[in-house]
Amino acid sequence: MSLHLYDTWTRSVREFTPLKPGEVGLYTCGPTVYNYAHIGNLRTYLFEDGLVRTLRLNGYRVNHVMNITDVGHLVSDGDDGEDKMEAGSRRTGQTAWTIAALYTDAFRADLKSLNITEPNIWCKATDHIAEQISFIQEIEKKGYVYRTSDGIYFDTSKQPSYGYLGRLDIAGLQAGARVDLGEKKNPTDYALWKFSAPEEKRQMEWDSPWGRGFPGWHIECSAMAHKYLGDYFDIHCGGEDHITVHHPNEISQTEAAYGTRLANFWMHGYFILLNSSKMSKSTGEFLRVQVLIDKGYDPIAYRYLCLTAHYRSQLTFSWEALDAAQTGLERLRQSVFALGPAGDVPDVDFMARFIEKLNEDLNFPQALALTHELLKADLAPAIKKATLLKFDEALGLGFATWVPLVVEVPANVRAVADARWAARNAKDWAEADRLRGELTALGWTMKDGKDSYTLAKN
């Protein structure tokens, strides 16, 4: 029943053993807060939440650190273009500091809507400029940097292991490099510190030993992970788009400064697709959680939808799929609620099978299927309920707090329903059918039970 996770570094599923017994250090790449997060972004955070919940269900204490990128992320991974925060400021007409606060709050609200556990530590890039400068200085001491007219760059040619995480074809990249590398020595070199252009006045800039400017995107994660989790910690997570650029650069920085690959496990969640293409803010084709809510969906239905696919497989979003997820979630919640009070102890065999599924590289689809199997099992309702509540510590579907929506039934509707129930019990089927038709005309559906009936608004 040991935990096995897929490690992008080795391209294999391997057994997880924490570096410190009983404790797990986890770093997850957070949002760049220049715009709202979309549901594609949030699928990654749902995967990471499933990881945290699984680790805790296995008895580990998790120290989860997540960054907020509020400076340094340029519109291109190639270190050109403008800072996304400056671009967001121009788009909205508000200061970069204002939109950083606005979109950070919106992101945290999205996490709450999806029942995603917040990290133990939030760390903003702008609160850790000193740590980033210190980290760059450490890399500089080791001889890995060079200066250009627009910044301080990491020389990847001095690191034979560079790009291993992404299995980058360095020779091919060099052979195909365009002539407009500018002052960069190699196509894979990247900025550690960017200088503010003399003719521009940036909203976010700081003095440094190399000149006034701002940090590159990659250095913040290396510096803050090092501060809160040390030279080498257990797990680093992000989206699949981080495999070829951002995470190799994080690794190269930490290897240069401290001689480690930063994390023992590197894990990546895969994209959600919209119209067969990646959901993207840059194209304007993206859906927010608030859009789902405005359309009448419970945001937990999106969580349920994501549970139906493995985190290392791409998931195509459609409204039909979300409809099915909402229906499945509603039925599951109703079934769990109908079990009544929970017992004190969950079923041992079902718990063992559930944890076994999760420990097979977070196989939530099979764990969810086991949830439905449990509902049909020949167990006492109190034991089922206790087991399902324990399952939900990993699923995060909110079984413990969900209650059916109480709909106020008008007196005239109740009177017709009572009359139909009486006709049914008297086996006056013609009258019962007539009254059912009257209920339908009033906009209500009546469902007969063994001892009573329920009413639902159409």
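Cut-offs and rules
- What you see as residue numbers is a count from 1 along each chain, following the sequence as written.
- Totals for whole chains, interfaces and linings use all residues, but because this is a predicted model, local features are given only for residues with pLDDT of at least 70 and pairs of side-chain atoms are given and counted only at 80 or more.
- By convention in this description, side-chain values take in all heavy atoms of the structure and omit both hydrogens and water.
- A run of H or I in DSSP counts as a helix once it spans at least four residues, and a run of E counts as a strand once it spans at least two, with each numbered from the N terminus.
- When accessible area is computed with a 1.4 Å probe and restricted to protein chains, residues below 20% of their type maximum are described as buried, those above 50% as exposed, and intermediate ones as partly exposed.
- Residues are treated as being in contact if the distance between any of their heavy atoms lies within 4.5 Å.
- Take the buried Ala, Val, Leu, Ile, Met, Phe, Trp, Tyr and Cys residues and link them wherever side-chain atoms come within 4.5 Å; each set so joined is a nonpolar core.
- When DSSP finds at least two bridges between two strands, those strands are taken to pair.
- The angle between two axes is taken between their N-to-C directions and runs from 0 to 180 degrees, where each axis is a line fitted to C-alpha atoms and a helix contributes only its stretch in contact.
- The span one expects for a helix is its residue count, reduced by one, times 1.5 Å.
- Each pair of aromatic rings taken from Phe, Tyr and Trp, with Trp reduced to its six-membered ring, is defined by centres within 6.5 Å and is described as stacked if the planes are under 30 degrees apart, edge-to-face if over 60, and tilted in the remaining cases.
- Each angle gets one of four labels, with under 35 degrees taken as roughly parallel, over 145 as roughly antiparallel, 65 to 115 as roughly perpendicular, and the rest as oblique.
- By definition, turning the near helix anticlockwise from the far helix through less than a right angle yields a left-handed crossing, and turning it clockwise yields a right-handed one.
- As used in this structure description, the phrase polar contact means that two N or O atoms lie within 3.5 Å; if the pair is within protein, one of them must be able to donate a hydrogen and the other to accept it, and residues adjacent in sequence are counted only when both atoms belong to side chains.
- What the arc describes is the spread of directions from the helix axis to the C-beta atoms.

> Break down the overall build of the protein chain for me, citing the residues and quoting the values.
The helix and strand tally for the protein chain stands at 15 helices and 16 strands. Principal-axis analysis of the C-alpha atoms places the extent of the protein chain at approximately 90 × 50 × 35 Å. The buried share among the 458 residues of the protein chain stands at 52%. Summarising the internal contacts of the protein chain: among those between residues at least 6 apart in sequence, 75% fall at separations of at least 24.

> Would you mind going over the nonpolar core in detail, with residue names and values included?
Core analysis: the biggest nonpolar cluster contains 69 residues, and Ile 235, Tyr 302, Phe 317 and Leu 397 have the highest contact counts within it. Ranked by residue count, the leading element in this core is helix H1 (residues 39-57), at nine residues. In this structure Ile 235 touches Leu 5, Phe 16, Val 24, Gly 25, Leu 26, Tyr 27, Leu 51, Leu 55, Ala 263, Phe 265 and Met 267, once residues within four positions along its chain are discounted. Counting 33 residues, the second largest nonpolar core, distinct from the first, contains Val 71, Ile 152, Phe 195 and Ala 223.

> Pulling in residues and values, what's your account of the sheet that holds strand E8 (residues 190-195)?
If you walk across this open sheet you meet the four strands as E6-E7-E8-E9, and the pairing is antiparallel. Since the sheet does not close on itself, it has two edges, and those belong to strand E6 (145-148) and strand E9 (213-215), each with one partner. Adjacent strand axes in the sheet meet at a mean angle of 25°, parallel and antiparallel pairs treated alike. In terms of strand pairing, strand E7 (residues 151-154) meets E8 through four bridges, oriented antiparallel. Note that in E8 the partner of Gly 151 across the bridge is Lys 194. Lying on the sheet, helix H7 (residues 246-258) is in contact with E7 and E8; it crosses E8 at an angle near 85°.

> Give me helix H13 (residues 381-395): which residues, what numbers.
Across its 15 residues, H13 extends 20 Å between first and last C-alpha, which sits within 8% of the 21 Å expected from 1.5 Å per residue. Of the residues making up H13, those classed as buried are Lys 384, Lys 385, Ala 386, Thr 387, Leu 388, Phe 391, Asp 392, Ala 394 and Leu 395. In this structure, the buried residues of H13 make contact with H1, helix H9 (299-307), helix H10 (319-338), helix H11 (348-358) and helix H12 (364-376). Phi for Gly 396, located one or two positions after H13, is positive at around 70°.

> Just give me the short version of the packing of aromatic side chains, but keep the residues and values in it.
What the rule picks out here adds up to 17 aromatic pairs. Judged by centre distance (6.1 Å) and plane angle (20°), the rings of Tyr 146 and Tyr 153 are stacked. Accessibility assignment for this pair places Tyr 146 and Tyr 153 in one class, buried. An aromatic cluster of at least three residues, connected via ring pairs, comprises Phe 16, Tyr 60 and Phe 265.

> Which residues make up the sheet that holds strand E4 (residues 61-68), and what values do they have?
Strand order in the open sheet formed by five strands is E5-E4-E3-E10-E11, with parallel pairing between adjacent strands. Edge positions in the open sheet fall to strand E5 (121-124) and strand E11 (263-269), since each of these has one partner strand only. The sheet shows a mean angle of 20° between the axes of neighbouring strands, taken without regard to direction. Of the pairings in the sheet, the one linking E4 to E5 comprises four bridges and is parallel in character. Residue pairing for E5: Ile 68 is matched across the bridge by Lys 124. Contacts from H1 reach strand E3 (23-28), E4, strand E10 (233-239) and E11 within the one sheet, and its direction differs from that of E10 by about 155°.

> Kindly report on the packing of H11 against H12, identifying the contributing residues and their values.
Relative orientation of the contacting elements H11 and H12 amounts to 160°, with a least axis distance of 8 Å. The orientation of H11 with respect to H12, classified from their angle, is roughly antiparallel. In the crossing of H11 with H12, the sense of the turn from one axis to the other is right-handed. Along the contact surface, H11 presents Phe 350, Arg 353, Phe 354, Lys 357 and Leu 358, while H12 presents Phe 364, Gln 366, Ala 367, Leu 370, Thr 371, Glu 373 and Leu 374.

> Mind laying out the side chain of His 268, listing which residues take part and the relevant values?
The residue His 268 is located in strand E11 in this model. A distance of 2.8 Å separates polar atoms of two side chains, one belonging to His 268 and the other to Thr 8. A distance of 2.8 Å separates polar atoms of two side chains, one belonging to His 268 and the other to His 247. Apart from the residues within four sequence positions on either side, His 268 is in contact with Thr 8, Phe 47, Leu 165, Gly 238, Gly 239, Glu 240, His 242, Ile 243, His 247, Tyr 311 and Arg 312.

> Quick rundown of the pairing of E6? Include the residues and the values.
Relative to E7, E6 runs antiparallel, the two being bridged by four bridges. The residue of E7 that forms the bridge with Tyr 146 is Tyr 153. Hairpin connection from E6 to E7: two residues lie between these consecutive antiparallel strands.

> If you had to explain H10 to someone new, which residues and values would you point to?
For an α-helix the count is 3.6 residues per turn, leaving residues at separations of three or four pointing the same way. Here H10 spans 28 Å end to end across 20 residues, near enough to the 28 Å set by a 1.5 Å rise per residue. Those residues of H10 that sit buried are Leu 322, Ala 325, Gly 328, Leu 329, Leu 332, Arg 333 and Val 336. All buried residues of H10 fall inside an arc of 130° around its axis, so they share one side. Turned more than 90 degrees away from the buried face of H10, the exposed residues are Glu 320, Arg 331 and Ala 338.

> Outline the environment of Thr 148, listing residues and values.
Tracing the backbone shows Thr 148 in strand E6. What makes Thr 148 buried here is its relative accessible area of 6%. Through-space distance from the C-alpha of Thr 148 to that of Ala 191 is 9.8 Å; in sequence the pair is 43 residues apart. Ignoring anything within four residues of it in the chain, the contact list for Thr 148 reads Tyr 153, Glu 183 and Phe 195. A polar atom in the side chain of Thr 148 sits 2.6 Å from the side chain of Asp 150.

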